[in-house]
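# Remarks on the overall topology
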Amino acid sequence: MRQRLIATLIAVLSMVLLAVMPAWWRQPKGLSYALDPDQFAARTEAMAKAHASGRSTETGQPIVRPPEGDVYLMARRWSWYPVLELEAGRRYRLHVASQDVVHGFHLSLNDAERLLVPGRVEVVTVRAEKPGRFAIVCSDYCGLEHNGMQAPLLVTDKP
Ligand code: CUA
């Protein structure tokens with residue numbers, strides 16, 4: 001009787017764990033997480049709309065100045081969207097993902113290097129002590145214009 005009760009308890013517990021696990025697995029935790037590219041594009045677009053600050057004469061992409069916290073950067077053949085303008089001394093969690101093929105993300109500021117596999121978001125902590133202009137380059141061959149897939153990361157002084 002007691003053994004049966006324990007077996008039932010274990011079975012119920014296993015079912016609960018199995019039900020919860022997929023949701024838990026999708027949570028942004030640690031350094032990367034799975035997310036549909038369309039959903040990632042929507043988050044990036046929402047940030048870009050809410051914090052637009054001009055247009056880069058260099059890359060033609062919009063310049064976006066998001067507040068401290070989560071910021072988004074999209075890689076697609078062969079550009080980075082948008083151009084991010086961050087504030088010195090503040091901490092950002094940069095979420096980076098590809099919309100099409102495998103790209104490589106390299107940021108000169110902290111020498112961060114990530115492989116961008118479509119469907120997976122990489123999270124990089126960014127904090128610049130001083131204002132400046134840093135380089136984002138694609139570090140994995142992604143076709144014809146791979147070498148031109150570059151963008152600045154702008155860091156400004158506190159207002
Ligand atoms: Cu993108 Cu190389």
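Each remark here, short or long, concerns the structure printed above.
First, a word on what this report is: a plain description of the structure on this page. In this text, all values refer to a predicted model and were calculated from it rather than measured experimentally.

Parameters and conventions
Residues numbered from 1 in each chain as written. Predicted model: local features only at pLDDT ≥ 70, side-chain atom pairs only at ≥ 80, totals over all residues. Heavy atoms only, no water. Salt bridge = Lys/Arg side-chain N within 4 Å of Asp/Glu carboxyl O. Helix = DSSP H or I, 4+ residues; strand = E, 2+ residues; numbered from the N terminus. Buried < 20%, exposed > 50% of the residue type's maximum accessible area, 1.4 Å probe, protein only. Core = buried A, V, L, I, M, F, W, Y, C linked by side-chain atoms within 4.5 Å. Contact = heavy atoms within 4.5 Å. Pairing = 2+ DSSP bridges. Axes fitted to C-alpha atoms, helices over the stretch in contact; angles between N-to-C directions. Phe/Tyr/Trp six-rings, centres within 6.5 Å; stacked < 30°, edge-to-face > 60°.

### So, the pattern of salt bridges
In this structure the tally under the stated criterion is eight salt bridges. Of the charged contacts, one joins E85 and R65 as a salt bridge, the two residues approaching to 3.1 Å between their closest N and O atoms. Residue E85 is located in strand β6 (residues 83–87), and its partner R65 is located in the loop between β3 (62–64) and β4 (69–76); the two are separated by 20 residues in the primary sequence. Under the relative-accessibility criterion, E85 is labelled buried at 14%.

### Thoughts on the nonpolar core
As a rule of thumb, soluble globular proteins bury nonpolar side chains together. Membership of the largest hydrophobic core comes to 37 residues, with the highest contact counts inside it found for L73, W80, L84, L94, F105, L107 and L153. Counting residues per element, this core draws most heavily on β4, at five residues. If we ignore the near neighbours within four places in the chain, the residues touching L107 are A112, V126, F134, A135, I136 and L153.

### As for the sheet that holds strand β11 (residues 132–138)
Pairing is mixed across the open sheet formed by seven strands, whose spatial order is β2-β3-β6-β12-β11-β8-β9. Strand pairing shows two members of the sheet lacking a second neighbour, β2 (52–55) and β9 (112–116), which therefore form its edges. Strand-to-strand twist in this sheet, taken as the mean axis angle between neighbours without regard to direction, amounts to 25 degrees. Pairing analysis gives three bridges linking strand β8 (residues 103–107) to β11, with the strands arranged antiparallel. By the bridge assignment for β11, H106 is matched with V137. Helix-sheet contacts for helix α2 (residues 37–50) involve β2, β3 and β6, and the interaxial angle to β2 is about 85 degrees.

### Let's talk about the packing of aromatic side chains
For the coordinates displayed, the defined rule picks out two aromatic pairs. Taken together, a centroid distance of 5.8 Å and an interplanar angle of 70 degrees make the contact between F40 and Y72 edge-to-face. Here Y72 lies in strand β4 and F40 lies in helix α2, a separation of 32 residues in the sequence. The residues F40 and Y72 share a single accessibility class, namely buried. An angle of 75 degrees between the planes, with centres 5.9 Å apart, marks the rings of W80 and F105 as edge-to-face. Here the residue W80 occupies a position in strand β5 (residues 79–81), and F105 occupies one in strand β8, the gap between them amounting to 25 residues.

None of the figures reported here should be taken as evidence of function without further support.
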